[in-house]
Structures are given as structure tokens and as C-alpha cells.
Amino acid sequence: MNVHPTLKSTLKALLYLSPALMIIGVFNIYPIIKSFAMSFYSDYDYFNDVVYERGLDNFIYIMKDADFWLAMKNTFIFVIGVVPLSIIISLGIALLLNTNIYLRGFFRTIFFIPFVTSVVAVSIVWRWVFHTDYGLLNYFLGFFGVDPISWLTDPAWAMPSLIILSVWKGLGYNIIIFLAGLQNINKQYYLAAKVDGATAFYRFIHITIPLLSPTTFFISIVSIINSFKVFDEVFALFDRRPGPVNSALTVVYYIFDKFYVEWEFGIASAAAYVLFIVIFLFTLIQLYIGKRNVHY
Amino acid sequence: MQVKLIDVTMKFNDVVAVYNLNITIESGKLVSLLGPSGCGKSTTLFLLAGLYKPNNGSIIFGDKKVNEIEPENREIGMVFQNYALYPHMSVLKNIMFPLNMQKVPKKEAEKRAKEMADLVRIGHLLARKPGQLSGGQQQRVAIARALVKQPKLLLLDEPLSNLDARLRLEMREEIRRIQQEVGITTIFVTHDQEEAMSISDQVLLLNDGQIQQYNHPQYLYNHPINIFVAKFMGNPPINILETMVDKEAKKLILTSNEQQMMIPNKLNIQTIQDEKIYLGIRPEELFITSLDEGALQGKITYVETIGRDTLIRAAIGDEPLRVIIPPDTKIKIGDLVGFGMKEDRIHIFDSTGRNISQQLT
Ligand SMILES: Nc1ncnc2c1ncn2[C@@H]1O[C@H](COP(=O)(O)OP(=O)(O)OP(=O)(O)O)[C@@H](O)[C@H]1O
Ligand SMILES: [Mg+2]
């Protein structure tokens, strides 16, 4: 059907869309606009909602704030640590699950569980896993003669712990998406490649990798955006602290801290917008790279 | 390289796709695998390629049993029924792929790939992706990719099915030429009997996963082992007439309308065991004569001139009969005529469909 829109049909459509639009408007669009406005409030009376002065003061403040830069640095380290590891490990597991193994469905469920479990519950378990004296991880490392590591209390190990937790947490979702991508590759190409003399390794390099690239691309965009927004894991794993001596302070934690703890709404909003721009730039770069390297 | 299949059987769960195949394909020959859809042609090729492992039997290349050898080490080239070109690689990369896998230096690989592309006339399409090609062009890329590494055995699964009639003719001559030039043992799957007749040294006719007959194409045409082969070879197809044998009256009686038929002279009716036999006679071996001279009488229902032949259909009672006659014959629809047959060209099949002409004369 290709009917021209009329006033009546448009109104009717709007009527159907309005419940969703209202919710999105109140909880997403309004805050986005409001926080953009708030990032320019230099002098603000929260109790009476009076703005005395507008300007770039908030942005200048965070540019000069060592904590903000630490948060930026930590967040970048986190993204660089989590995204590639998560993609490689989940691709590896997806490849194994895609072969003919017993209990395939069972394993798929197992790997998907972390994704549907609450971060807080998961983090409590991991706090035990990471425990210096009674932790499972140190217990295992002990077999290889590694001295106990203070995963959660040593500033040098806080970030690796956070990365390990997040990689593990993201596996389920990535594996499911990778599995779907793998199943979408026509088996014929593998047969043809076999006949053409390609061993399993070359079939992986020349068939799987390129034909899976749209999936990999999608996963990398989603995981980079998600990793830049990391907060819950920090909050839960380090017991509401940003890690020992701010070693796991991330940008969203910084925003949270400024907003809810220090009540610096302007600064929090400004930091949120800086993060938004960083994510936006990264996504643009990825789209650009993707256009040239992804085979559809 | 000589290829031998011994007692090869392939089952998919409860479907028997290939049953007890025993053939020898001589080195350098082109063999057509012919048969109706679903008879196991592709399966046989996949077995030879090593993409399927037989449930039973041995596959022998030269003097080596290759059952356990993986496809990547069998030195074969294959054109798949649906081409299976790599969608993310250009035409050139597709053709070069087997050479890259053999670690042929890049320069040489490119040169050989380009030569092969020119041979199949896609030299101007090298930069395109398979998705940007027509079916026929894709098919030729697939042929080039299969041939470029000069395999010991070339497997072609209906490689010409998507080409137009003229290109099809050209390509099959091309394949034949390349095949003879390189002297490569080739197995060519088709369900077009004319294609099989025209290019092969031997035809292997399959039905329901079983060999019907394996011989020179002309031999299959002239000496079909059973009704299936007789019907499959030749276009328009052979006429099969079901008749009852009346030994006392020394007559054959058409089952469908009880019309009596003169017995071919060569036939010794007393040696026939069955009450019912089938007469097979090709359309070009029938001719029109006067009513009383004909072995059969019938009414003409259809006349069609295709190129140099005139094909007529006649009704012998209800039984249809196809006849090819010289185009200058004066007949029209509705004429009642007699049909004579070249008696030494009649095939006689027993009630199970087996050709018993030899035993009877
Ligand atoms: N992977 C499979 N699983 C189950 N049955 C199969 C499989 N491949 C083929 N078959 C069955 O085996 C039989 C032979 O199939 P095959 O593909 O060899 O036929 P074919 O002669 O190539 O037919 P066509 O001319 O249509 O290509 C068919 O009955 C088919 O349904
Ligand atoms: Mg087939």
C-alpha cells in the first residue's frame, strides 16, 4: 500500500504513537535537552530553580579537574581492555559452540546466563572470587605458584579486575550474536574452499572472518558504546567506591559522583556531554572504518 | 588419472542417495553423469570430492584409496551447482584463490587467473564482485576457478544450466576443448541428455541412486539396457507400446485398444516367456505408409515443424505415437495413415522393462 499521508491518517498514527512518545519524551528527550541546558548553568540555585548566570564555567572546570582526566584515562583503558578481549573470547566460544558438540543448547544457555543476571548479584559473587585470602582466583593461581593478589584493594589490580568482570559479563550477549552471524554464513562457501585446497585455518581467515565482519562490526560498536558508559560494575564491585584511590574511577562514575553526591548538576551535565561527544566521535570513526572493511 | 568407485553407497539417514556404485573412469576421459533430478548426481560428485564420506565402498584415484583423504588434499577442481563463489572477493580474487592456497607466487597466480578468465570470456569483469554478475557470468567464473589450478580431476555440477542456448553450446565445446587439451579426467553432471551425448566419452545414467547403464553415449542410444534408459536418451522420446503376446495367432495385440500389430520379421514369438512385452521404437525410425502396409494404423492429431524436422503425433486408438517425418510429406491433421517401422531398430522389453531384443533374434 502506498497511500499519501493525510491529516487524518497522521493524527491517527500520532494517537497510537503517543504513549510511547510520552514515555520517551519524559524520560529520555526531556533530560537530554535539560542536561544540555544545565551544562551551561554557571550559577544555579537548585532549591528555587533559579539560574543566576550561564556560561562555559562548567566545561572549564572539568577541563582543569585532575579527577575528570583520571576518569577519562581509566575509561579509555577500560574500553581498550574490554572490547578486544571480549570480542576475541566470545568469537572463540561461538566457533566452538557452532561445531557439532554434545549438549550444545545447554552450553549456549550457560553462556547466556551472565547477560540476564543483575550486575549487583554478579558482582557480589565476583567480589568473593577476587577476594585476596579466600578468593577462587587466587586459589587457582596458587597452583601455578602465584602469590595472592589483592585484586580489589591494590590500585594496580583494580582495573584488571573490573575488566575481567566486564568481559565475562558481556560474553553471553556477544556469543549469541556471533552464533547467529556464523549460522548465516552459507555452508557452500566452506565446501568450495575445501575443494580449492584451503585448510581449516585458511577457511577461517578467508571465509569466516570476512563473512562475519558485519556481525563483528555491530558487536564492536555496541560494546564500545557500552564500555564507555561503564558504571554499575564499578559501583557494585568496589562497594560503591571508585576503586582504591580512584583507580577505577570512570567518567560515568565521575558524573554520578558530581550529580548525586556533590550536587554539582552543571558540572555533571557538562561531563556527560563531553562523554557523549567522545562516544559520538568514536562511532563515526568506526562507521568510517567499517564502510571500507566490512563485506555485506 | 583413473578414478574407480567400488561398491560405493551413500545414505542420508533413511534416504539412500547412491547405492552400490561400481564404475571405472579411464584417465583423461570426460564422463557425463546423467539422470533425473534427485537421482544422486550431486551426491556422487560430493563423494568424489571428499565432501561426503561414503557409508560403504572405496573410492580410488589412480592406485590410491582416497576415502580418508580430505577434499583440500585431493587435487580436484569443482564447479558447484549453485557456483558458491566467494561473495566478498572480486572475480579475480575468486579465480586466484585456489592458487593462493597452493602458495603460487602472487604475480604468477594473477597471470594464470587472467588467462583463465579470458578463456571463459570474463576478462572484462575481473574487478566485479559475484553479486554484480549475471547467472551465466557467475557460472563461468566458477569454471575458471575450478580449472585454474589444473586439477587431476575436474568435477562439474551442471556447469551450463544457467547459460542461454548459444553460449551453452559454445561453453560446452570450450569445456571439451580445454578438457582434451589438458587431458584432465572430467565428470560432468547434467540432466540434459543431448548435452551428455554431445560432449562425453562415456555416459553414466543414474536413476534412484543406481546405475542404469554406463557406456558410450551412442551405445546407450542404440542399445538401451531397459525402458528407463530408452526413454531417457533421445528427444523427442522413444515410443513405448505395451502389447500382449498371442502365440497361437502369432500376433501382438496393443493392450490399450486391442489393435493387432504385424509381428516384426526378426522376432521369434515362441521364445517370448512373458504374456506382455513392450515395444520401443524411436520417432525417427517410424515412417508413414499406406493403411494396409503399415504395422500400425492411426489418426494424425498434431503436426509441428521445428527447423529441419517435422514432428507429428498420431493416435493409435488412445495410444499416442510420435513420429519424425521428412518436412515435404503431404499430411494434415485428421488423416488416417499406416505407420511402418524399421524392423531392425525395434527394441523389445520384457514385462519388467529389461531389454530382451538380443535374446529374441
Ligand atoms: N544433505 C542431504 N540430506 C538428506 N538428503 C539428501 C541430502 N543431499 C541429497 N539428499 C537426497 O539424496 C538424493 C540425491 O540427491 P542429489 O542432490 O544427489 O540429486 P541430483 O541428482 O544432484 O539432483 P538435481 O538434478 O536436482 O541436482 C535426493 O533424494 C536428495 O533428497
Ligand atoms: Mg544436483
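Residues numbered from 1 in each chain as written. Chains lettered and ligands numbered in written order. Predicted model: local features only at pLDDT ≥ 70, side-chain atom pairs only at ≥ 80, totals over all residues. Heavy atoms only, no water.

Undergrad: Please provide a residue-by-residue account of the overall build of chain B, values included.
TA: For chain B, the count of helices and strands is nine helices and 20 strands. For chain B, the spread of C-alpha atoms along the principal axes amounts to about 80 × 45 × 35 Å. Expressed as a percentage of its 361 residues, the buried residues of chain B come to 54%. Here the contacts in chain B between residues at least 6 apart in sequence split such that 65% fall between residues at least 24 apart. (Helix = DSSP H or I, 4+ residues; strand = E, 2+ residues; numbered from the N terminus. Buried < 20%, exposed > 50% of the residue type's maximum accessible area, 1.4 Å probe, protein only. Contact = heavy atoms within 4.5 Å.)

Undergrad: Outline the pairing of strand 1 (residues 3–12) of chain B, listing residues and values.
TA: Residue and element names in this part refer to chain B. Where strand 1 lies against strand 2 (residues 15–25), seven bridges are found, and the strand directions are antiparallel. Bridge pairing in strand 2 links Lys-11 to Val-16. Where strand 1 folds back on strand 2, the antiparallel hairpin that results is connected by two residues, among which Asn-13 adopts a positive phi of roughly 50°. Pairing of strand 1 with strand 4 (residues 56–61) involves five bridges; the strand directions are antiparallel. (Pairing = 2+ DSSP bridges.)

Undergrad: Which residues make up the nonpolar core, and what are the values?
TA: Core analysis: the biggest nonpolar cluster contains 99 residues, and Leu-48, Met-78, Phe-80 and Leu-155 of chain B have the highest contact counts within it. A total of 12 residues in this core trace back to one element, the largest contributor, which is helix 3 (residues 66–98) of chain A. Excluding its chain neighbours within four sequence positions, the residues that come into contact with Met-78 of chain B are Val-195 of chain A together with Leu-45, Phe-46, Ala-49, Leu-51, Ala-146 and Leu-155 of chain B. Val-91, Ile-95, Ala-117 and Leu-160 of chain B belong to the second largest nonpolar core, which has 37 residues in total. (Core = buried A, V, L, I, M, F, W, Y, C linked by side-chain atoms within 4.5 Å.)

Undergrad: An account of the site of ligand 1 is needed here, citing residue identities and associated values.
TA: Residue and element names in this part refer to chain B. Taken together, the neighbourhood of ligand 1 is formed by 13 residues, with Ser-37, Gly-38, Lys-41, Ser-42 and Thr-43 sitting nearest. Within the backbone of Gly-38, an N or O atom sits 2.8 Å from an oxygen atom of ligand 1. At a separation of 2.5 Å, an oxygen atom of ligand 1 approaches a polar side-chain atom of Thr-43. Among the elements that line the shell around ligand 1, the one with the most residues is helix 1 (residues 41–49), at three residues. Per-class residue counts for the shell around ligand 1 are four nonpolar, seven polar and two charged. (Near = heavy atom within 4 Å. Polar contact = N/O pair within 3.5 Å; in protein donor to acceptor, adjacent residues only side chain to side chain. Nonpolar A, V, L, I, M, F, W, Y, C, P; charged D, E, K, R; others polar.)

Undergrad: How would you sum up a nonpolar patch on the surface? Please name residues and give values.
TA: Residues and elements named next belong to chain A. A surface patch of nonpolar side chains, about 920 Å² in accessible area, is lined by Ile-101, Tyr-102, Leu-103, Phe-106, Phe-107, Ile-110, Ile-113, Phe-115 and Val-116. As for its position among the elements, Leu-103 is in the loop between helix 3 and helix 4 (104–116). A relative accessible area of 57% places Leu-103 in the exposed class. (Patch = residues over 30% accessible without salt bridge, like charges linked within 9 Å, V, L, I, M, F, W, Y side chains within 5 Å. Areas by Shrake-Rupley, 256 points an atom, 1.4 Å probe, with all protein chains shown as cover. Salt bridge = Lys/Arg side-chain N within 4 Å of Asp/Glu carboxyl O.)

Undergrad: Can you break down the coordination of the magnesium ion (ligand 2) residue by residue, with the values?
TA: Residues and elements named next belong to chain B. Protein coordination at the magnesium ion (ligand 2): the donors are Ser-42 (OG) and Gln-81 (OE1), at 1.9 to 2.3 Å from the metal. Here Ser-42, found in helix 1, pairs with Gln-81, found in the loop between strand 6 (76–79) and helix 2 (91–101); they are 39 residues apart in sequence, far enough to count as distant. Residue class for Ser-42 comes out partly exposed when judged on its relative accessible area of 23%. (Donors = N, O, S within 2.8 Å, 3.2 Å for Na, K, Ca; no water.)

Undergrad: An account of the interface of chain B and chain A is requested, with residue identities and associated values reported.
TA: Opposite the 22 residues of chain B that make contact, chain A presents 18 residues. Where chain B abuts chain A, roughly 1800 Å² becomes buried across the two surfaces, and 65% of that area is made up of carbon and sulfur atoms. Among the residues of chain B in contact with chain A, Glu-72, His-88 and Met-101 of chain B are the three that bury the most area, contributing 34% of the side total. Applying the counting rule to chain B against chain A returns two salt bridges. Across the contact surface, chain B and chain A share eight residue pairs in polar contact (both at pLDDT 80 or more). Taken together, the elements giving at least two residues each to the side of chain B that touches chain A come down to helix 1, strand 6 and helix 2 of chain B. Here the residues of the side of chain B that touches chain A sort into 15 nonpolar, three polar and four charged. (Buried area = accessible area lost by both parts, 1.4 Å probe.)

Undergrad: Please set out the sheet that holds strand 2 of chain B residue by residue, giving values where relevant.
TA: Residue and element names in this part refer to chain B. Read across the sheet, four strands follow the order 2-1-4-5 without closing on themselves; strand pairing throughout is antiparallel. Sheet topology places strand 2 and strand 5 (64–65) at the edges, where each strand pairs with a single neighbour. Sitting on the sheet, helix 1 touches strand 1, strand 2 and strand 4, and the angle it makes with strand 1 is about 120°. (Axes fitted to C-alpha atoms, helices over the stretch in contact; angles between N-to-C directions.)

Undergrad: How would you summarise the domain arrangement of chain A if you had to cite specific residues and measurements?
TA: Residue and element names in this part refer to chain A. If you check the domain split of chain A, you get domain 1 (7–57) and domain 2 (65–293). Between the C-alpha centres of domain 1 and domain 2 the distance comes to 32 Å. Across the domain 1 to domain 2 interface the summed buried area is about 620 Å²; carbon plus sulfur atoms make up 78%. For the pair domain 1 and domain 2, the interface holds zero salt bridges. If you look at where domain 1 meets domain 2, you find one residue pair in polar contact (both at pLDDT 80 or more). (Domains from an automatic or database assignment.)

Undergrad: Residue-level account of the side chain of Lys-258 of chain A, with values.
TA: In this fold, Lys-258 of chain A is placed in helix 11 (residues 251–261). Excluding residues within four positions of it along the chain, Lys-258 of chain A makes contact with Tyr-61, Asp-65, Trp-263, Glu-264, Ile-267 and Ala-268 of chain A.

Undergrad: Explain the packing of helix 11 of chain A against helix 12 (residues 265–293) of chain A to me, using residue names and the numbers behind them.
TA: Residues and elements named next belong to chain A. Between helix 11 and helix 12, whose axes approach to 8 Å, the crossing angle comes to 165°. By the angle between their axes, helix 11 is roughly antiparallel relative to helix 12. Between helix 11 and helix 12 lies a crossing whose hand is left-handed. In contact with Val-251, Val-252, Tyr-254, Ile-255, Lys-258 and Phe-259 of helix 11, helix 12 contributes Phe-265, Ile-267, Ala-268, Ala-271, Ala-272 and Leu-275. The class makeup of the residues in the contact of helix 11 with helix 12 is 11 nonpolar, no polar and one charged. (Parallel < 35°, antiparallel > 145°, perpendicular 65-115°, else oblique. Left-handed = near helix turned anticlockwise from the far one by under 90°.)

Undergrad: Could you give an account of the packing of aromatic side chains, naming the residues involved and the relevant values?
TA: Here the structure, examined in full by the defined rule, presents 36 aromatic pairs over all chains. Each ring, one from Phe-40 of chain A and one from Phe-59 of chain A, has its centre 5.5 Å from the other, and the planes form 45°; the classification is tilted. Linking Phe-40 of chain A in the loop between helix 1 (7–38) and strand 1 (41–45) with Phe-59 of chain A in helix 2 (residues 57–64), this pair joins segments that are 19 residues apart in sequence. We classify Phe-40 of chain A as partly exposed; its relative accessible area is 26%. Put simply, the rings of Phe-231, Phe-235, Tyr-253, Phe-256, Phe-259, Tyr-260 and Phe-265 of chain A pair up and form one aromatic cluster. It is Arg-313 of chain B that lies over the ring of Tyr-302 of chain B; its NZ or CZ is 4.4 Å from the centre. (Phe/Tyr/Trp six-rings, centres within 6.5 Å; stacked < 30°, edge-to-face > 60°. Lys NZ or Arg CZ within 6 Å of the ring centre and 35° of its normal.)

Undergrad: I'd like a description of the packing of helix 4 of chain A against helix 7 (residues 155–183) of chain A, backed by residues and values.
TA: Residues and elements named next belong to chain A. In contact at an axis separation of 5 Å, helix 4 and helix 7 are set at 130° when each is read in the N-to-C sense. Relative to helix 7, helix 4 is oriented oblique. The element helix 4 and its partner helix 7 pack so that their crossing is left-handed. Listed contacts from helix 7 to Arg-108, Phe-111, Phe-112, Pro-114 and Phe-115 of helix 4 are Trp-168, Lys-169, Leu-171, Gly-172, Tyr-173, Ile-175, Ile-176, Leu-179 and Gln-183. Residues belonging to the contact of helix 4 with helix 7 are distributed by class as follows: 10 nonpolar, two polar and two charged.

Undergrad: Tell me what's going on with the pattern of salt bridges, and back it up with residues and numbers.
TA: This structure, assessed with the given rule, holds 23 salt bridges over all chains. Where Arg-145 of chain B meets Asp-196 of chain A, a salt bridge forms, and the shortest distance between an N and an O atom there is 3.5 Å. Here the residue Arg-145 of chain B occupies a position in helix 4 (residues 135–147), and Asp-196 of chain A occupies one in the loop between helix 8 (187–195) and helix 9 (200–228), the pair thus bridging two chains. With relative accessibility at 1%, the residue Arg-145 of chain B sits in the buried group. Residue Glu-194 of chain B is joined to Arg-172 of chain B by a salt bridge in which the shortest nitrogen-to-oxygen separation is 3.8 Å.

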